[in-house]
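# Chain and residue survey
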Amino acid sequence: MRDGDVVVIGGGYAGVRLAKRLDETANVTLVDRKEVFFHRIASLRAGVHPEWTVTPFIPYDRLLRNGRMAVGKVVGVDTAERQVVLATGERLPYDVVVIATGADYPEPARFTGTTVEEAAQSFAGHQRNIAAAEHVLVVGGGPSGVELSAEIRLARPDARVTLAHSGPTLLHATGSERAGNRARSWLEAHDVEVRLDSFMSPGNDFGTYRDAHGNVIDADLSFWATGTTPNTFWLRMAGHSDWLNPSGHVRVDRTLRVEGWPDVFAVGDVNDVSELKITPVALAQADLAFHNIRAYLQGSGKHRRQPRFYRPIHRTPLVVPFGAADGVTMVPVPGGETAVLGGRTATMAKAKTLMTPYMRRQLGYTAACPPPRVETAWRRRGGHVEAVSTGSSTVACAPVVTPPYALR
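The present account deals with the structure reproduced in this document.

Thresholds, definitions, all that
- Residues numbered from 1 in each chain as written.
- Predicted model: local features only at pLDDT ≥ 70, side-chain atom pairs only at ≥ 80, totals over all residues.
- Heavy atoms only, no water.
- Helix = DSSP H or I, 4+ residues; strand = E, 2+ residues; numbered from the N terminus.
- Contact = heavy atoms within 4.5 Å.
- Pairing = 2+ DSSP bridges.
- Axes fitted to C-alpha atoms, helices over the stretch in contact; angles between N-to-C directions.
- 1 Å grid on protein atoms, 1.4 Å probe; cavity = no way out; pocket = protein on both sides within 12 Å on 5 of 7 lines; lining within 4 Å.
- Points joined across faces, edges and corners; volume = space filled by probe spheres on them.
- Nonpolar A, V, L, I, M, F, W, Y, C, P; charged D, E, K, R; others polar.
- Left-handed = near helix turned anticlockwise from the far one by under 90°.
- Buried < 20%, exposed > 50% of the residue type's maximum accessible area, 1.4 Å probe, protein only.
- Phe/Tyr/Trp six-rings, centres within 6.5 Å; stacked < 30°, edge-to-face > 60°.

## As for the environment of Ala179
Checked against the element boundaries, Ala179 lands in helix H5 (residues 177-189). Counting along the chain gives 159 residues from Ala179 to Thr338, while the straight-line C-alpha distance between them is 9.0 Å. If we ignore the near neighbours within four places in the chain, the residues touching Ala179 are Leu171, Val328, Met330 and Val340.

Below, the structure is given as structure tokens:
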């Protein structure tokens, strides 16, 4: 006998993890507006390298053995009737509903549209723009900004690349100055101009950017890796503004329930837990929510489960790739210090495959990608961009044993 009906809204890392775990014990419906899982960890490379264009897309069809995957847009949560309302008018009954809609990321780490074709076209557009650019500006010196700058430099060794960061060191939010220095050394050794203490904003003229000191940078292409926005506007439109804090995150208690609602949970980037918003944290929240949802559904009784409290994670291993063959790995050690490991560890843990085999297995697929296919690259010649064949490639899904901590 199954515990009850659970609707998980959002098929990102936390939503997939939770739905998969609940699939054996409850009637699960996973709802997402996309037709495939978007492996965001591979998206920065997909926005630069044509051979990675389709790598971030993994079908949902093998995720749930007993539950249902519903592709659609959620427009409301009817708490009186305990139903999730889709834009089509369909209503999904629930005993527990989970909000796992994640956050919106800047380009190119974004699934544009609702279909694979639309998202792939967006990646191809970024690839063409990078191939044609003479000067690329990346704003934001966190893990994403460093990783994107490295990918662009390796794809375009002839272009000028600048990374501007508002902080005093790269990767400063990680708390490891040594890792930031390692990243800066790699970038500068590869002729990436690194500007620290440079809070950037668009200039008065097209293609110009100005820092807080009044310095102007001319660049014909820019990417802003400066943070994320929780995907909760739909909750505001549905009349649940009281569930949100001023930044738009869902307010949750220590059991990851929406405050005041024992049958509504929120996990991952979408909630207001104060901690690093990275994938290992989302997975940890999903695991705790799994326990608490089962405890709630099994109700009262002598042997009923007690809910567990979530403890925010402020220190966790983190890998920042510098392309497919280098990077920096940060591992917390006792005493509050962080060990910084070199390129070999980063390559094996994440940089080579960007966790693609691991996530394919989580969704029921083999670690290897589909059969080789002919790829198209974009190169700049004589003032214009032309398409060139690069042959076939499966490098994006080369099998490798990868620990979950390497996820970002």
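Now that the structure is up, let's keep going.
## Remarks on the sheet that holds strand S1 (residues 5-9)
The sheet built from 5 strands is open, its strands ordered S5-S2-S1-S9-S19 with parallel pairing. Each of the sheet's edge strands pairs with one partner strand only, and the pair in question is strand S5 (68-71) and strand S19 (264-266). The mean inter-strand angle of the sheet, taken between neighbouring strand axes irrespective of direction, is 20°. Judged from the 4 bridges that link them, strand S2 (residues 27-32) and S5 form a sheet pairing that is parallel. Its bridge partner being in S5, Asp32 is matched across the sheet by Val71. The sheet contacts of helix H1 (residues 13-22) involve S1, S2 and strand S9 (96-99), and relative to S2 the element is tilted by about 160°. This element, helix H7 (residues 279-297), spans S1, S9 and S19 of the sheet and lies at about 165° to S9.

## Let's talk about the layout of surface pockets
Gaps left between atoms show up when a probe the size of a water molecule is rolled over them. Roughly 250 Å³ of volume is contained in the second largest pocket. Lining the second largest pocket we find 17 residues, and of these Thr174, Gly175, Ser176, Arg315 and Thr338 sit closest to its centre. Mapped onto the lining of the second largest pocket, the elements with two or more residues apiece are H5, strand S21 (327-333) and strand S22 (337-341). Partitioning the lining of the second largest pocket into residue classes produces 6 nonpolar, 7 polar and 4 charged.

## Considerations on the packing of H1 against H7
Helix-helix packing is characterised by the crossing angle of the two axes and by the distance between the axes. Direction vectors running N to C along H1 and H7 enclose 35°, while the axes themselves pass 8 Å from each other. In this structure, the crossing between H1 and H7 has a hand that is right-handed. Side by side, H1 and H7 meet where Tyr13, Ala14, Arg17, Leu18, Arg21 and Leu22 of the first sit next to Thr279, Ala282, Leu283, Ala286, Asp287, Ala289, Phe290, Ile293 and Arg294 of the second. Here the residues of the contact of H1 with H7 are counted per class, giving 10 nonpolar, 1 polar and 4 charged.

## Section: the side chain of Asp263
Topologically, Asp263 is positioned in the loop between helix H6 (233-237) and S19. Of the residues examined, Asp263 reaches a relative accessible area of 8% and is grouped as buried. Asp263 has contacts with Arg82, Tyr94, Asp95, Val96, Val97 and Tyr296, leaving out every residue within four places of it along the chain.

## So, the packing of aromatic side chains
The final tally for this structure, using the stated rule, is 10 aromatic pairs. When the ring of Tyr13 is compared with that of Phe37, the centres are 5.2 Å apart and the planes differ by 85°; the resulting orientation is edge-to-face. Here Tyr13 is found in helix H1, whereas its partner Phe37 is found in strand S3 (residues 36-38), with 24 residues between them in sequence. Of the two residues, Tyr13 and Phe37, neither departs from the other in class, the shared state being buried. Ring centres of Tyr209 and Trp224 lie 6.2 Å apart, and the angle between their planes is 55°; this geometry places the pair in the tilted category. One end of the pair, Tyr209, is in strand S15 (residues 208-210); the other, Trp224, is in strand S17 (residues 221-224), with 15 residues separating them in the sequence. With a relative accessible area of 11%, Tyr209 lands in the buried category.

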